[in-house]
Amino acid sequence: MPDLKLTRATSTLSATVLFGASLAAAVPSQAAEVASIGGGVAFSSTQRTPAPRPAIIYDPIPYGAKRKAQMAAYSKRHYGVRSHAFGPPKQVLLHFTVTRNYPSTWRWMAANSASPGNVGTKKEKPGACTHFVIGKNGTIYQLAPLNLMCRHVVGLNHQAVGIEFVEMKSSQNILNRTRQRVAGQNLVRWLQSEYAISKANVIGHAMANSSPYFFDRLGWYNDHADWPTRHVKAFRQGILE
Ligand SMILES: [Zn+2]
């Protein structure tokens, strides 16, 4: 699951901070969570025809005060901003789980087990999570509201919505599994239209280190190989420009 691009990252961080602060100040937390489940606060319009929201099962993992504080501390260490708030996202980041099914994936993300960055780094909390997980049969689950940061990558957790596909070995298998691939493309099109995200900003985990938004203060980088460029290019054939 890094390269420091300070100038650009600094400006995007400021935007994140502003959004997070204004959201927290304007809306009581409960209402904010409910509103964010469905995605969006309309903050930007696109020229495209809006893509419909696919059916999504909301199945949240525990993300209470303790995990929020751990996420905020992680964000301070790695991005320089102490906040667990997330959004609006700039990218969609694709993963696969290396698990056999959805329930085990939910339990892994709910467990909040400390995990490392690249090889040789010390394990840290919070544990991994992604906003969305897509089962092999094409069922889309949402595990965290879109106003909370999830830790699923190095260098982009403050910028990217994470989507995990249940799969053990290769993103090629996801491309071959029509219902799962199409569900993923439907979800990504909706996120693209909600947040004005371009095709080029729908990337795989294996592509994360070269993202223009990539930023990690400690020099951590990604050493995960899920969703290499060639598979992402095939996936992008079913999404918006
Ligand atoms: Zn991954």
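Read on for an overview of the structure.

Quick notes on the rules
- Residues numbered from 1 in each chain as written.
- Predicted model: local features only at pLDDT ≥ 70, side-chain atom pairs only at ≥ 80, totals over all residues.
- Helix = DSSP H or I, 4+ residues; strand = E, 2+ residues; numbered from the N terminus.
- Buried ≥ 20, exposed ≤ 12 C-beta atoms within 10 Å, placed from the backbone.
- Expected span 1.5 Å × (residues − 1).
- Pairing = 2+ DSSP bridges.
- Contact = placed C-beta atoms within 7 Å.
- Axes fitted to C-alpha atoms, helices over the stretch in contact; angles between N-to-C directions.

A word on the overall build of the protein
So, point 1. Regarding its fold elements, the protein presents 7 helices and 6 strands.
So, point 2. Secondary structure of the protein in N-to-C order comes out as α-α-β-α-β-α-β-β-β-α-α-β-α.
So, point 3. Evaluated residue by residue, the protein yields a buried proportion of 44% over its 241 residues.

Points about helix α6 (residues 178-195)
So, point 1. End to end, α6 covers 25 Å across 18 residues, agreeing with the expected 26 Å (1.5 Å per residue, within 8%).
So, point 2. Burial of α6 is extensive: 14 of the 18 residues sit out of reach of the surface.

Describing the sheet that holds strand β2 (residues 91-96)
So, point 1. Spatially, the 6 strands line up as an open sheet ordered β1-β4-β3-β5-β2-β6, and their pairing is mixed. Of all strands in the sheet, those bounded by a partner on one side alone are β1 (57-58) and β6 (202-204).
So, point 2. Where β1 lies against strand β4 (residues 140-142), 2 bridges are found, and the strand directions are parallel. Of the residues in β4, the one forming a bridge with tyrosine 58 is glutamine 142.
So, point 3. On the sheet, α6 packs against β2, β3 (132-134), β4, β5 (160-165) and β6 and is oriented at approximately 170 degrees with respect to β5.

So, the pairing of β5
So, point 1. Burial of β5 is extensive: 6 of the 6 residues sit out of reach of the surface.
So, point 2. Residues Ala160, Gly162 and Glu164 point to one face of β5 and Val161, Ile163 and Phe165 to the other, with burial holding for every one of them.
So, point 3. Inspection of the sheet shows β2 paired to β5 by 6 bridges, in the parallel sense. Counted as the bridge partner of glutamine 91 is alanine 160 from β5.
So, point 4. In this structure, β3 lies alongside β5, joined through 3 bridges in parallel fashion. For phenylalanine 132, the partnering residue across the bridge sits in β5 and is isoleucine 163.

Describing the environment of alanine 110
So, point 1. Summarising the element assignment, alanine 110 is placed in helix α4 (residues 102-111).
So, point 2. On a C-alpha basis, the gap between alanine 110 and leucine 143 in space is 8.9 Å, while along the polypeptide they are 33 residues apart.
So, point 3. Setting aside its immediate chain neighbours within four residues, alanine 110 contacts Ile61 and Pro62.

Overview of the environment of alanine 196
So, point 1. Mapped onto the fold, alanine 196 is located in the loop between α6 and β6.
So, point 2. For alanine 196, a count of 18 C-beta atoms within 10 Å gives the class partly exposed.
So, point 3. Spatially, the C-alpha atom of alanine 196 lies 9.9 Å from that of proline 50, the residues being 146 residues apart in sequence.

This is a description of form; function is not addressed.
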